[in-house]
There are 2 protein chains.
Amino acid sequence: MISNGYMDLALEEARAAATRGEVPVGAVIVRDGLVLARAGNRTREFNDVTAHAEILAIRQAAEKLGSERLIDADLYVTLEPCTMCAAAISFARLRRLYFGAEDEKGGAVTSGVRFFNQPTCHHAPEIYPDIASADAMDLLKGFFREKR
Amino acid sequence: MISNGYMDLALEEARAAATRGEVPVGAVIVRDGLVLARAGNRTREFNDVTAHAEILAIRQAAEKLGSERLIDADLYVTLEPCTMCAAAISFARLRRLYFGAEDEKGGAVTSGVRFFNQPTCHHAPEIYPDIASADAMDLLKGFFREKR
């Protein structure tokens, strides 16, 4: 069952990222109704191309659980994960992936390399696209409009 | 021009990783003859699926340079990068990628999704495969033989 409440938390993280001048993407990891991690994109702040919301959330949740594998945990993220994040999601053994807006230019789930359908992907989550995608897209469009 | 010296450093990092009980992969980042970063795999130690040698080296080099983009820098890594690392290499704008052993099961450069050839890849390094690959492969085989 999809809880929009968790995607709302992810959208909050995306909005907070925009406030920091970051591309507005947010992510939340949940297990057994408990929020294990919430993070927004911090690539600029950290000078770190790997500091996408999903990667930060995966690292945070793993630290919390003391386990690199996030068995039975679900990820909510406002934008379709990129190739780097899709592979990290697979490595972390996340159970479900709920995402907002599709990203034809850089995504890797329903776009691009469709990593979870590839033979070099050794664990695929259940995938729920298009969750609150209009809100996620509005945030991104607003951010890039202001940048111009 | 290929300097095997840098790949030797990467192999040293891979050996050190094996000593720590980690899958033996090592990486070095070089710019203008200067080693910006050297790292071995630490996924177990850090409980972090993203702590591959390449990711740690990219983050280290970016911190050193104070820039998330590693323009004109080259990466030496003992194993073909996976899907996650290939995308991170692209995001970091690394100039050249030298790698050792091919990884048909999990690689993403000459194997798997061949990320650098995909339309959702927006920067591709020059690619030099098969550098000291026998040494890299011996290390990996030795490690997994002992595990069994």
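Residues numbered from 1 in each chain as written. Chains lettered and ligands numbered in written order. Predicted model: local features only at pLDDT ≥ 70, side-chain atom pairs only at ≥ 80, totals over all residues. Heavy atoms only, no water.

Let's talk about the pattern of salt bridges
Once the charged atoms of two side chains with opposite charge are near each other, the side chains can pair. Put simply, the rule is: Each reported salt bridge corresponds to a side-chain nitrogen of Lys or Arg within 4 Å of a carboxyl oxygen of Asp or Glu. In this text, helices come from DSSP runs of H or I with a minimum length of four residues, and strands from runs of E with a minimum of two, each type numbered from the N-terminal end. Each residue is assigned to one of three classes by its accessible area relative to the maximum for its type, calculated with a 1.4 Å probe on protein chains only: buried under 20%, partly exposed between the two thresholds, exposed over 50%.
Here the structure, examined in full by the defined rule, presents 16 salt bridges over all chains. For B:Arg59, the salt bridge is made with A:Asp48, and the minimal N-O distance between the two is 3.2 Å. You can see B:Arg59 sitting in helix 2 (residues 53-65) and its partner A:Asp48 sitting in the loop between helix 2 (43-46) and helix 3 (53-65), one on each of two chains. A:Asp74 is the salt-bridge partner of A:Arg96, the closest N and O atoms lying 4.0 Å from each other. Taken together, the positions of A:Arg96 in strand 4 (residues 96-101) and A:Asp74 in strand 3 (residues 74-79) put the pair 22 residues apart, joining distant regions of the chain. With respect to class, A:Arg96 is no different from A:Asp74; both count as buried. Through salt bridges with shared partners, a single network forms among A:Asp74, A:Arg95, A:Arg96 and A:Glu126.

Concerning the nonpolar core
Heads up, the rule is: For this analysis, a nonpolar core means a set of buried residues of the types Ala, Val, Leu, Ile, Met, Phe, Trp, Tyr and Cys, connected via side-chain atoms within 4.5 Å.
Membership of the largest hydrophobic core comes to 86 residues, with the highest contact counts inside it found for A:Ile29 and B:Ile29. Listed in part, the nine residues of the second largest apolar core include A:Tyr6, A:Val30, A:Tyr76 and A:Tyr98.

Describing the relation of the copies chain B and chain A
To be explicit about the condition: When the copies are superposed, the least-squares fit draws on C-alpha atoms of residues that have pLDDT of at least 70 in both. What makes two residues a contact is simply this: any of their non-hydrogen atoms within 4.5 Å.
Superposing chain B onto chain A takes a rotation of 180 degrees plus a shift of 0.0 Å along the axis, which leaves an RMSD of 0.0 Å. When the rotation and shift are considered jointly, the pair of chain copies conforms to a two-fold rotation axis. Within chain B, B:Met84 has its C-alpha nearest the rotation axis, a separation of 1.9 Å. When you check the interface residues of chain B against chain A, 100% turn up at the interface there too, and the contact is symmetric in its surfaces.

Digging into the sheet that holds strand 2 (residues 34-40) of chain A
Residues and elements named next belong to chain A. The following threshold applies: We call two strands paired when DSSP finds no fewer than two bridges between them. Whenever a helix is involved, its axis is fitted only over the stretch in contact; in every case the axis is a line through C-alpha atoms, and angles between N-to-C directions fall within 0 to 180 degrees.
The five strands lie next to each other as 2-1-3-4-5, forming an open sheet whose pairing is mixed. The outermost strands of the open sheet, each flanked by one partner alone, are strand 2 and strand 5 (126-128). Neighbour-to-neighbour, the strand axes of this sheet turn through a mean angle of 15 degrees, independent of strand direction. Where strand 3 lies against strand 4, five bridges are found, and the strand directions are parallel. Pairing of Tyr76 across the sheet is with Tyr98, part of strand 4. Sitting on the sheet, helix 5 (residues 133-147) is in contact with strand 3 and strand 4, with an inclination near 55 degrees to strand 4.

Some words on the UniProt feature "binding site: Zn(2+)" (unreviewed entry) in chain A
Short version of the rule: UniProt positions are given in the numbering used here, feature names are shortened, and annotations may be inferred rather than shown by experiment.
In the numbering used here, UniProt assigns the "binding site: Zn(2+)" (unreviewed entry) feature to A:His52, A:Cys82 and A:Cys85. Maximum C-alpha separation among the annotated residues is 9.2 Å over a sequence range of 34 residues, consistent with a single clustered spot. Overall, A:Cys82 belongs to the buried group, its relative accessible area being 9%. In this structure, A:Cys82 is in contact with A:His52, A:Glu54, A:Gly106, A:Gly107, A:Ala108 and B:Phe91, ignoring residues within four places of it in sequence. Positionally, A:Cys85 belongs in helix 4 (residues 83-91). Note on A:Cys85: relative accessible area 0%, which makes it buried. Apart from residues lying up to four places away in sequence, A:Cys85 is in contact with A:His52, A:Glu54 and A:Ile55.

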